[in-house]
Amino acid sequence: MPKLKGLYVITDEKLTTYDKIVEMVEKALKGGAKIVQLRDKTNSDDFLILNGFLLKELCEKYNAYFIVNDRVDLALKINAHGVHIGKEDADITEVKKKLKNKIIGVSCYGDIERAKIMESLGASYVAFGSFYPSPTKPEAKIVDKSIIQQAKKVLSIPVCVIGGLNVERAKELVCLGADIVAVVSDIWTAPSIEERAKEYKNLFISGSVF
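As the structure is a computational prediction, the values presented were derived from the model and not from experiment. Numbers given to residues run from 1 along each chain, matching the order in which its sequence is written. In keeping with the model being predicted, local features are shown solely for residues with a pLDDT of at least 70 and side-chain atom pairs are shown and tallied solely at 80 or more, while totals for entire chains, interfaces and linings include all residues. Hydrogens and waters are ignored; side-chain quantities use all the structure's heavy atoms.

Undergrad: Lay out the side chain of Asn51 with the relevant residues and their values.
TA: Segments assigned H or I by DSSP are reported as helices when at least four residues long, segments assigned E as strands when at least two residues long, and all are numbered from the N terminus. Here Asn51 lies in helix α2 (residues 45-61). Residue class for Asn51 comes out buried when judged on its relative accessible area of 12%. The contact definition used throughout considers only heavy atoms, calling two residues in contact when any of these lie within 4.5 Å. Excluding anything up to four places from it in sequence, Asn51 contacts Tyr18, Ile21 and Val22. Buried residues are those whose accessible area, probed at 1.4 Å on protein chains only, stays under 20% of the maximum for their type, while exposed residues exceed 50% and partly exposed ones sit between those limits.

Structure, rendered in structure tokens:
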């Protein structure tokens, strides 16, 4: 299993429109994004498949990983590097049967016990959040930052943080032990996507945040 660490960018139907998604994601990858997730809750697999192939090729060009949110069958069709699932999505045991030797990320919100169970069932990483009010998920509950240190004590898989992040907020969470920083709005609305991605990348360069 690959070591997952660094900036994780997540696409958004409104912010990364499909006429610009490939160009925008490439800018993030040039800036140092290590994981890209295609997240779309509306369109069909058939609609998404071409962009899925293009984004996967881009990720491989920049030595990054391509993840599909929720859609296990789409991930299979395009041979994505993995999938990310939440509480309302597919069961992790079933996902592992379909996606052998692939990355499986799981949303754990503010629930350490869920994270421990997901790790025992084969999750590659777990995500906690929202840590701040999120423009893309305004209904999400706010999670206390102390969960990061709690998670690092009991888990051996990488810990991802998400929710309303900007570079300064992410810096604090990385200092608390976060392995992966997942960003939506702050990356795609930046004046320069590439430069903003570099700012996040620098958080993971040894000694830069301490």
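Undergrad: Just give me the short version of the pairing of strand β4 (residues 82-85), but keep the residues and values in it.
TA: Side-chain positions along a regular strand alternate between the two faces of the sheet. Neither face of β4 is open: one carries Gly82 and His84, the other Val83 and Ile85, and all of them are buried. Whether two strands pair comes down to DSSP finding at least two bridges between them. Judged from the three bridges that link them, strand β3 (residues 65-69) and β4 form a sheet pairing that is parallel. Paired with Val68 across the two strands is Val83, which belongs to β4. A right-handed crossover is one whose linking path, passing over the helix from the first strand to the second, runs clockwise when the strands point away from the viewer. Following the chain from β3 across helix α3 (residues 72-77) to the adjacent parallel β4, one finds a crossover that is right-handed. Where the polypeptide runs from β4 across helix α4 (residues 92-98) and back to strand β5 (residues 103-109), its parallel neighbour, the crossover connection is right-handed.

Undergrad: Mind laying out the packing of aromatic side chains, listing which residues take part and the relevant values?
TA: To pair, rings of Phe, Tyr and Trp, with the six-membered ring standing in for Trp, must have centres within 6.5 Å; the planes then decide the type, stacked if under 30 degrees apart, edge-to-face if over 60, and tilted in the middle. Evaluated as defined, the whole model comprises two aromatic pairs. For the pair Tyr8 and Tyr125, a centre-to-centre distance of 5.9 Å together with 80 degrees between the ring planes defines the contact as edge-to-face. One end of the pair, Tyr8, is in strand β1 (residues 6-10); the other, Tyr125, is in strand β6 (residues 125-128), with 117 residues separating them in the sequence. Note on Tyr8: relative accessible area 1%, which makes it buried. Ring plane angle 85 degrees and centroid distance 5.3 Å describe the contact between Tyr18 and Phe47, whose orientation is recorded as edge-to-face. With Tyr18 in the loop between β1 and α1 (21-31) and Phe47 in helix α2, this residue pair connects regions lying 29 residues apart in the sequence.

Undergrad: Mind laying out the environment of Thr42, listing which residues take part and the relevant values?
TA: Within the fold, Thr42 resides in the loop between β2 (35-38) and α2. On the accessibility criterion, Thr42 (60% relative accessible area) is exposed. Measuring from C-alpha to C-alpha, the distance between Thr42 and Gln149 comes to 35 Å, with 107 residues separating the pair along the chain. Ignoring anything within four residues of it in the chain, the contact list for Thr42 reads Glu13 and Arg71. Residues adjacent in sequence count toward polar contacts only when both atoms are side-chain atoms; beyond that, a polar contact is any pair of N or O atoms within 3.5 Å, and within protein one must be able to donate a hydrogen and the other to accept it. Within the structure, the side chain of Thr42 is placed 2.6 Å from the side chain of Glu13, a separation counted as a polar contact.

Undergrad: Give me α1: which residues, what numbers.
TA: Of the residues making up α1, those classed as buried are Ile21, Met24, Val25, Ala28, Leu29 and Gly31. Angular distribution of buried residues about the axis of α1 spans 160 degrees; they occupy a single face of the element. Buried residues in α1 make contact with β1, β2, α2, α8 (185-188) and α9 (193-202). Comment: arc refers to directions from the helix axis out to C-beta atoms.

Undergrad: Requested: an account of unusual backbone geometry, with residues and values cited.
TA: The linkage connecting Gly129 with the following residue, Ser130, adopts the cis geometry, with an omega of 20 degrees. On the secondary structure map, Ser130 appears in the loop between β6 and α6 (146-154). Of note, Asp70 is a non-glycine position whose phi angle comes to about 75 degrees, a positive value. On the secondary structure map, Asp70 appears in the loop between β3 and α3. In this structure Asp70 comes out as partly exposed when scored by relative accessible area, which is 25%. Phi angles above zero are rare outside glycine, and Tyr109 is one such case at about 55 degrees. Mapped onto the fold, Tyr109 is located in strand β5.

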